[in-house]
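The lines below spell out each chain.
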Amino acid sequence: MAREVQITFDGAAPGLLAGFWAEVLGYRVQPPPPGFDTWPEALTAWGIPPERHDDASAAIDPVGQGPRLFFQRLPEGKAAKNRVHLDVRAAPGLTGDERMATLEAECDRLVALGATRLLRVDPDPPLVGGNIVMADPEGNEFCLD
């Protein structure tokens, strides 16, 4: 039985995406293994050429509760809407104007980090509490919920 989940993103710049999502979620970019001060130092020691140093990266939850996010380089760009996306729970328990104001503030913070605002969905009780659809720096959609 699976006990852990890793979420994998494909993209052109894994290091950029790892840094972006670490900021979004309060994670940190995974540090290099023991014995190395930096990833370039480790990768060079392992014989990986510099042009391949950004082939992969990861972001981890500093308290070890959330899933590891893994980012891998793929040559092709994103071609269609995601079939799976993340909901970033920025306003759990909030409703109405307070909820949307909280989501708007978080949206502004994420846009400053490189996200793109795509769509605001206003509250439509009782089913939809309102959210903001966004995209990360490489166009992967996610929702501020």
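In the block above lies the structure referred to throughout.
Rules and cut-offs
- Residues numbered from 1 in each chain as written.
- Predicted model: local features only at pLDDT ≥ 70, side-chain atom pairs only at ≥ 80, totals over all residues.
- Heavy atoms only, no water.
- Pairing = 2+ DSSP bridges.
- Helix = DSSP H or I, 4+ residues; strand = E, 2+ residues; numbered from the N terminus.
- Axes fitted to C-alpha atoms, helices over the stretch in contact; angles between N-to-C directions.
- Contact = heavy atoms within 4.5 Å.
- Salt bridge = Lys/Arg side-chain N within 4 Å of Asp/Glu carboxyl O.
- Buried < 20%, exposed > 50% of the residue type's maximum accessible area, 1.4 Å probe, protein only.

### A few points about the sheet that holds strand 6 (residues 116–121)
Hydrogen bonds between backbone groups are what pair the strands of a sheet, and the pairing can be parallel or antiparallel. Taken in spatial order, the 4 strands line up as 5-8-7-6 in an open sheet, and their pairing is mixed. With partners counted over all chains shown, the strands left at the sheet margins are strand 5 (86–88) and strand 6, one partner each. Neighbour-to-neighbour, the strand axes of this sheet turn through a mean angle of 25°, independent of strand direction. Note: strand 5 against strand 8 (residues 141–144), 3 bridges, orientation parallel. The residue bridging D87 from the neighbouring strand is C143, located in strand 8. Of the strands in this sheet, strand 5 and strand 8 touch helix 1 (residues 14–25), which is tilted by about 45° from strand 5. Where helix 3 (residues 96–113) meets the sheet, its contacts fall on strand 6, strand 7 (131–135) and strand 8, and the angle it forms with strand 7 comes to roughly 10°.

### So, the pattern of salt bridges
Under the definition given, this model contains 9 salt bridges. With its nearest N and O atoms 3.5 Å apart, the salt bridge here joins D54 to R73. Taken together, the residues D54 in the loop between helix 2 (39–45) and strand 3 (56–60) and R73 in strand 4 (residues 68–73) connect sequence positions 19 residues apart. Given a relative accessible area of 26%, D54 falls into the partly exposed group. In this structure, R73 engages D55 in a salt bridge whose closest nitrogen and oxygen atoms are separated by 3.6 Å. Taken together, the residues R73 in strand 4 and D55 in the loop between helix 2 and strand 3 connect sequence positions 18 residues apart.

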